[in-house]
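Observations on the three-dimensional arrangement
Spelled out, the chains give:
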There are 4 protein chains.
Amino acid sequence: MAKLKAGIVGLGRLGYTHAQDLMFKIPEVDLVAACSVVPEELDRVKDWGVELFSDYSTMIKEAPIDAVFIISPSALHPEQIIEALNAGKHVFSEKPLGTTLEDCIKVEEECNKHPELKFQLGFMRRFDPSYEEAKAKVDSGKFGKPFMIKTTSNDPLETIEGFLKFAPQSGGPWLDMSVHDVDLAMWYFDEEVESVYAIGGGFLHPELEEFGCADNACALIKFKNGNIAQMHVGYSAPNGYQVETEIMMPEGNLRISAVPAKDRIEIYGREGVLVECDPSWPARFSEAFLREKQHFVNCVLNDETPSVGAADGTRTTKVALALTEAFESGEVVKL
Amino acid sequence: MAKLKAGIVGLGRLGYTHAQDLMFKIPEVDLVAACSVVPEELDRVKDWGVELFSDYSTMIKEAPIDAVFIISPSALHPEQIIEALNAGKHVFSEKPLGTTLEDCIKVEEECNKHPELKFQLGFMRRFDPSYEEAKAKVDSGKFGKPFMIKTTSNDPLETIEGFLKFAPQSGGPWLDMSVHDVDLAMWYFDEEVESVYAIGGGFLHPELEEFGCADNACALIKFKNGNIAQMHVGYSAPNGYQVETEIMMPEGNLRISAVPAKDRIEIYGREGVLVECDPSWPARFSEAFLREKQHFVNCVLNDETPSVGAADGTRTTKVALALTEAFESGEVVKL
Amino acid sequence: MAKLKAGIVGLGRLGYTHAQDLMFKIPEVDLVAACSVVPEELDRVKDWGVELFSDYSTMIKEAPIDAVFIISPSALHPEQIIEALNAGKHVFSEKPLGTTLEDCIKVEEECNKHPELKFQLGFMRRFDPSYEEAKAKVDSGKFGKPFMIKTTSNDPLETIEGFLKFAPQSGGPWLDMSVHDVDLAMWYFDEEVESVYAIGGGFLHPELEEFGCADNACALIKFKNGNIAQMHVGYSAPNGYQVETEIMMPEGNLRISAVPAKDRIEIYGREGVLVECDPSWPARFSEAFLREKQHFVNCVLNDETPSVGAADGTRTTKVALALTEAFESGEVVKL
Amino acid sequence: MAKLKAGIVGLGRLGYTHAQDLMFKIPEVDLVAACSVVPEELDRVKDWGVELFSDYSTMIKEAPIDAVFIISPSALHPEQIIEALNAGKHVFSEKPLGTTLEDCIKVEEECNKHPELKFQLGFMRRFDPSYEEAKAKVDSGKFGKPFMIKTTSNDPLETIEGFLKFAPQSGGPWLDMSVHDVDLAMWYFDEEVESVYAIGGGFLHPELEEFGCADNACALIKFKNGNIAQMHVGYSAPNGYQVETEIMMPEGNLRISAVPAKDRIEIYGREGVLVECDPSWPARFSEAFLREKQHFVNCVLNDETPSVGAADGTRTTKVALALTEAFESGEVVKL
């Protein structure tokens, strides 16, 4: 079996999960190198027989790798992607592509200069079996052309305390959270955005409004062909991790995960009939995280183009920035 | 508009509900007489302008009524039905037809002697919109011939204290409760029972076992054509009033009220997603109670035969008695 | 029993349903007069023993009525309401209060001049058991203060042909349809609107765009306290009559009728598990139509103020007009 | 990392799936040997770098393995298990333990003679996340002691043609299919069976009755402590692979997979709201198949006792044979 020799940078919570997938769950990958500036993070993988690096550039130069998986802090993505591409490595990078539009464009251009190298951005929702099946159903044409999408991305209420600390640096709900929904809308519609409008507030935590953030916000997005996306992003779902999507077509609407059941159990108890819900994004999307990497590995080994590229990073960032502007100005923003 | 002049006997909890339906909700009925041996019950209707009776025979003889609705204690049903028929009145009677098989047969024979008079037994579930729609779907033949039915009739746990007092006189779960399911099975199958088997226990209230009762019991019923009914009767549904039925056909199964939602609300709360349930049979079947009487009234006014007759009372009683015998003996009982 | 003597004007599809409710289903009402300019409509009630009128003013002057139910064409509501009030009649009127803001204000002022007379506007959704229960849950404070509402009002796809003919005169989706959702939002929030934004299109029927209409449209509404309403109105629900509402509060969200099941049956068939849906608004809201009138009657008989008044008509019209303006201009409209 | 050197025998449909899991998805396993008498089956794994055998005894003697996974035809299980145990290998065997009670007892005794060797039987449902979570909830005591279980194991209607060929050799529905449900009931109850009763028929395929088989059958099982299991086994679920279980406790019932959704999508289409279902047992239980082996491997590496042993095979076989006898005789069978 052909195998892809791979390195990984970033071994925090998400990075370690990615590393475990690469090490144990994707047979076509040989994880041979891992990099982190945090010694404790390297400790977690020290028995795996992979070469450990505390410096990214060193790993890129010295490790015998064909590809690198970048799960480092967002601000480092652009330079690390570019360095890897220039060293001839295939690159899988967690989102975002960059934290500014300029960075995104720069990275996208760099990717374009290396058509022989594969690049994939971590919009993992596309690899969730339900979202993927929805895409197949949409593309089948059986229900007609999609014209509207309704999305909810609502983090669990229980995690809001953690978010409050992170909020001032988060870039606001649009860059932090809605990019996934923007990407899904563009993917299902295959269309660009024309204008956006957004409102929101700190309903549970008014202090969020001080630095231009919100705990719940809504947007209306108009696409060039007239299509509509109606979005709600929040940090306060009482029931768990509520990511819900409805795709509307003339002959049928697909609703995904209206009740984000954590398993197949219904509890018939004193209060009524209860379905317990996914507590977090790792619980909800673990399979998607695995499958997106499997896709990237298959693309490299079979010389195919990953379905999510740098351009998807640039265009979703453009929309997220427009949403931020609309949210701050209270006006409709045209792209 | 032709109107049916009616009297009612029995104004307890269920009787009063029936009386209200007759008085206010069925335009083709003129309720002109009401009878109860309990003065307080008569008080509840004293402002309705109906003639009040404390003696049933007097009402039958003197009140200018075409029909009588019998909601009295079960033991009185046979004689009251027969007396009314002999006086030339149409009769609607709550179930059971009688508490012994002999009584049932006697009443059935009496009904047969008066083909000009309409008789209907209160198997109201058949008039619930969902059960009625299921019957239409079964009879459409679209799914093939039904071969199995699974039923659950589980009273709310909250009402078990009330049942414990009533249990010694209840006749056991089969005569008290499963007759409705037996009637449904026979209605959907249009077939007679061949043999029955039943087990159960006092799982929450072992004291029930002392007088041959159970708080939960199950039966397997084999019909003459080989069809199967699988039944569960109980007095301990934690979530509310759980009456659930599944009808199995080669091309489709119909499941009725798996989650007995009390309204259309889902609560997304701290525990998960919750659906609150019907708290009681009046909440679940109020519409069926109304519609069964509307059917009877229409049959009288249009000279048609009610869809539930005395024979349905006799044959369900036969099965319920066989279930009781099977339950007590631990053996299969053939009819 | 005290009884309310009532007349009705308008006996079309909805009017006839109202008339049946008044005649047969509300015991405290004596329907004594009915008016229509369409002889065939009067024919339908000619056996009810009510006095028939072809002229509204005549009925108001001559019929011995305490109250009038106005179910006539929308344009006639204002003058008919005012005429009845001036004749000393209590008034129940179907929505809208008026077709222009000026008319609404005029009617509201007239109502205020007659504090001794009861007036109720037909926002019947408030009387649907699920919406009413949701209101009780919201007002209980158990889940905290509501901050967001998401609404969908999507007419069945099968009825769109009928709508296409009516569309040019419909006033657009906002005046025609979203007033119910606007009223619900204001009722649950107890708050006024600050600004609105709306987009939409003729996705299935582009010809609708020619006269400023849409078959699907979305709005974002900001309330004075920062609260948000996210609305979708449409004429193309493939599955039936889809009216769905979610009320978000810090400790719990209430979702009403996500799956608008027409009964309690699930069909386990070749395609999967199917729930059939309400085909139309009469199927969905028949109980609400009855209960709103019962509320009005109780208010008159007990000298209480109906919970939906003329002011609710004026303020929802204001918002609907602002939505129309926003939809046409593509800009945010402040109230 | 400690690794378990393993061999596998049987590389048919299920065997190949097990082999893939061992090869690629369980990091603690080194699959070093594979055996099949079918050359084509060996071909499928010839590039994996494992040693191939066409003779089981040779593999057991020569391959450097600590453990063997037995996925061969049922009739071979007993002798292959015993041969491996005698050669000092840990054994994981697919169910059944044996096709006769005598064989089961012989294997169980052999296991008992080798307390130093781990043995696990493939009752994989216990390792399905939902069944496992249900066990945790039951054992938590939060809902009280379980007293009843209702089970449905209904194979997809689409697969019945395949079953018809296999049916004469299948041992009937009880040995073929209900053993999983019997095992679950005993696991949740921690109790032995006292008596059984069963009926059924060839409702879709009467020819099944000729060799004592049925396409749908039901059983009532009484446990020594009075508990009840109500079982339905079938080969004709129209909607897909319907494995459904309800565990009843005084304070709550747990219902598992009432709607066996294949993903998180609801289709709002012309017929209503549709949930597509799992098409087959591999789709439904792939995770359970993986997790049961992970459990076995952990037990071997950590010197712990697998939670499903040979005794579970013997006792479920006893019950399945009693069910078969009851089904054939039409009488209650006591164990």
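Residues numbered from 1 in each chain as written. Chains lettered and ligands numbered in written order. Predicted model: local features only at pLDDT ≥ 70, side-chain atom pairs only at ≥ 80, totals over all residues. Heavy atoms only, no water.

1. Re the overall build of chain A
Formally: In this description a helix means any DSSP run of H or I spanning at least four residues, a strand means any run of E spanning at least two, and both kinds are numbered starting from the N terminus. With C-alpha atoms as the basis for the radius of gyration, the globule rule is written as 2.2 Å multiplied by the number of residues raised to the power 0.38. Burial here depends on accessible area, computed with a 1.4 Å probe over protein chains only, as a share of the maximum for the residue type. Under 20% is buried, over 50% is exposed, and the range in between is partly exposed. Residue contacts follow a heavy-atom distance rule, with two residues in contact if any of their heavy atoms lie within 4.5 Å. Note on areas: Shrake-Rupley, 1.4 Å probe, and residue coverage restricted to the protein chains presented here. When charges are tallied, Lys and Arg are placed among the positive residues and Asp and Glu among the negative ones, while His and the ends of the chain are skipped. A single reference atom marks each charge: NZ on Lys, CZ on Arg, CG on Asp, CD on Glu.
Check the secondary structure of chain A and you find 10 helices and 15 strands. By the compact-globule yardstick of 20 Å for 335 residues, chain A fits well, its C-alpha radius of gyration being 20 Å. Viewed in the frame of its principal axes, chain A has a C-alpha envelope of about 55 × 50 × 45 Å. Within chain A, the proportion of its 335 residues that are buried is 63%. For chain A, the proportion of contacts with a sequence separation of at least 24, taken over those separated by at least 6, is 71%. By element, 50% of the accessible surface of chain A is carried by carbon and sulfur atoms, the whole surface being about 12000 Å². Each charge sign in chain A was given a centre, from 32 positive and 54 negative side chains, and these centres are 4 Å apart.

2. With respect to the interface of chain C and chain D
Put simply, the rule reads: Summed over both partners, the accessible area lost on bringing two parts together, with a 1.4 Å probe, is the buried area. A pairing counts as a salt bridge when a side-chain nitrogen of Lys or Arg comes within 4 Å of a carboxyl oxygen of Asp or Glu. In protein, a polar contact requires one atom able to donate a hydrogen and another able to accept it; more generally it is a pair of N or O atoms within 3.5 Å, and residues adjacent in sequence count only if both atoms are side-chain atoms. Under this grouping Gly is polar, as are all residues other than the nonpolar Ala, Val, Leu, Ile, Met, Phe, Trp, Tyr, Cys and Pro and the charged Asp, Glu, Lys and Arg. A pair of strands is considered paired only if DSSP assigns at least 2 bridges between the two.
Every contact between the two is made by 18 residues of chain C and, on the other side, 18 residues of chain D. When residues of chain C are sorted by the area they lose upon contact with chain D, Tyr268, Arg270 and Val273 of chain C head the list and together hold 36% of the total. Counting the contacts that link chain C with chain D gives 0 salt bridges. Summed over the shared surface of chain C and chain D, the result is 4 residue pairs in polar contact (both at pLDDT 80 or more). Elements represented by at least two residues in the side of chain C that touches chain D include exactly strand E13 (265-269) and strand E14 (272-275) of chain C. Sort the elements by how many residues they give to the side of chain C that touches chain D and E14 of chain C lands first, with 4 residues. Across the side of chain C that touches chain D, the residue classes tally to 9 nonpolar, 4 polar and 5 charged. For E14 of chain C and strand E14 (residues 272-275) of chain D, the ladder comprises 3 bridges, and the chain directions are antiparallel. Looking at E14 of chain D, one finds that Leu274 of chain C is bridged to Leu274 of chain D.

3. Points about the interface of chain C and chain A
The interface of chain C with chain A comprises 38 residues on the first partner and 38 residues on the second. Of all residues in chain C, Ile199, Phe203 and Leu220 of chain C bury the most surface against chain A, accounting for 19% of the area lost on that side. Our count for the chain C to chain A interface comes out at 2 salt bridges. Note that Arg255 of chain A and Glu244 of chain C form a salt bridge whose closest N and O atoms lie 2.7 Å from each other.

4. With respect to the pairing of strand E13 (residues 265-269) of chain A
Residue and element names in this part refer to chain A. Burial of E13 is extensive: 5 of the 5 residues sit out of reach of the surface. Burial along E13 is two-sided: Ile265, Ile267 and Gly269 facing one way and Glu266 and Tyr268 facing the other are all buried. Pairing of E13 with strand E14 (residues 272-275) involves 3 bridges; the strand directions are antiparallel. In the strand pairing of E14, Gly269 is matched with Gly272. Once E13 ends, the chain turns through 2 residues before running back antiparallel as E14.

5. Focus: the packing of aromatic side chains
Quick note on the threshold: Any two of the Phe, Tyr and Trp rings considered here, Trp counted by its six-membered ring, make a pair once their centres fall within 6.5 Å; the pair's planes then place it as stacked at under 30 degrees, edge-to-face at over 60, or tilted in between.
Taken as a whole, this structure holds 54 aromatic pairs over all chains when the rule is applied. Here Trp187 of chain C and Tyr188 of chain C contribute two aromatic rings whose centre-to-centre distance is 5.0 Å and whose plane-to-plane angle is 45°, an arrangement assigned as tilted. The pair formed by Trp187 of chain C and Tyr188 of chain C is uniform in burial state, with each residue classed as buried. Both rings, one in Tyr131 of chain D and one in Phe285 of chain D, keep their centres 6.5 Å apart while their planes meet at 35°; by these two values the pair is tilted. Of this pair, Tyr131 of chain D sits in helix H6 (residues 129-139) while Phe285 of chain D sits in helix H9 (residues 281-302), and the two are 154 residues apart along the sequence. Here Tyr131 of chain D falls in the buried class, since its relative accessible area comes to 0%. Ring pairs connect the aromatic residues Tyr16, Phe24 and Trp48 of chain A, which therefore count as one cluster.

6. Considering the pattern of salt bridges
Applying the stated criterion across every chain yields a total of 80 salt bridges over all chains. As a salt-bridge pair, Lys262 of chain A and Asp263 of chain A come within 3.2 Å of each other at their nearest N and O atoms. The partner of Arg125 of chain C in a salt bridge is Asp181 of chain C, with the nearest N and O atoms 2.7 Å apart. Of this pair, Arg125 of chain C sits in the loop between strand E6 (119-121) and helix H6 (129-139) while Asp181 of chain C sits in helix H8 (residues 172-189), and the two are 56 residues apart along the sequence. The pair Arg125 of chain C / Asp181 of chain C is uniform in exposure class, with both members buried. Each of Arg126, Asp183, Glu192, Asp312 and Arg315 of chain A takes part in a single network of salt bridges with overlapping partners.

7. Notes on the relation of the copies chain C and chain D
Put simply, the rule is: The copies were overlaid by least squares, fitting only the C-alpha atoms of residues that reach a pLDDT of 70 or more in each copy.
Mapping chain C onto chain D calls for a rotation angle of 180° and an axial translation of 0.0 Å; the resulting RMSD is 0.1 Å. Such a combination of rotation and displacement between the chain copies is what one expects of a two-fold axis. Measuring from the rotation axis to each C-alpha of chain C, the shortest distance belongs to Leu274 of chain C, at 2.2 Å. Of the residues that chain C buries at the interface, 100% are likewise interface residues in chain D, meaning the two copies contact each other through the same surface.

8. Some points on the relation of the copies chain C and chain A
Overlaying chain C with chain A gives an RMSD of 0.0 Å, the required rotation being 180° about an axis along which the chain moves by 0.0 Å. Here 100% of the contact residues of chain C are again contact residues in chain A; the copies associate through an equivalent surface.

9. Thoughts on the side chain of Glu108 of chain A
Residues and elements named next belong to chain A. Topologically, Glu108 is positioned in helix H5 (residues 101-113). Salt bridges are absent for the buried Glu108, whose nearest opposite-charge side chain, Lys318, sits at 6.9 Å. Ignoring sequence-local partners within four residues, the contact set of Glu108 consists of Ala310, Ala311 and Thr314.

10. Thoughts on unusual backbone geometry
Residue and element names in this part refer to chain B. Cis geometry is found at the peptide bond from Lys95 to Pro96, where omega equals 0°. When you line up the elements, Pro96 lands in the loop between strand E5 (90-93) and helix H5 (101-113). Residue Ser257 is not a glycine yet carries a positive backbone phi of 65°. Considering the arrangement of structural elements, one finds Ser257 in the loop between strand E12 (252-256) and strand E13 (265-269).

11. Quick word on the nonpolar core
Going by this rule: Side-chain atoms within 4.5 Å link the members of a nonpolar core, which is a set of buried Ala, Val, Leu, Ile, Met, Phe, Trp, Tyr and Cys residues.
Ranked by size, the top nonpolar core spans 152 residues in total, and within it Tyr188 and Ile221 of chain A together with Tyr188 and Ile221 of chain B carry the most contacts. With 123 residues, the next largest nonpolar core counts Ile199 of chain A together with Ile160, Phe289 and Ala322 of chain C among its residues.

12. Notes on the side chain of Lys137 of chain D
Relative to the helices and strands, Lys137 of chain D resides in helix H6. Accessibility expressed as a relative area gives 11% for Lys137 of chain D, which makes it buried. A distance of 2.5 Å separates the side chain of Lys137 of chain D from the side chain of Glu133 of chain D, its partner in a polar contact. Beyond its immediate chain neighbours, meaning those up to four positions away, Lys137 of chain D contacts Lys262, Ile267 and Glu276 of chain A together with Lys142, Phe143 and Leu254 of chain D.

13. Some points on the sheet that holds strand E3 (residues 51-53) of chain C
All names here are of chain C. To keep it simple, the criterion reads: To define axes, lines are fitted to C-alpha atoms, for helices over the stretch in contact only, and angles between the resulting N-to-C directions are given on a 0 to 180 degree scale.
Across the sheet, which stays open at both edges, the 6 strands sit in the order E3-E2-E1-E4-E5-E6 with parallel pairing between neighbours. Both edges of this open sheet fall to E3 and E6, since each of them pairs with a single strand only. Between one strand axis and the next, the sheet turns by 20° as a mean value, whatever way the strands run. Of the pairings in the sheet, the one linking strand E5 (residues 90-93) to E6 comprises 3 bridges and is parallel in character.

In short, shape yes, function no, at least from these values alone.
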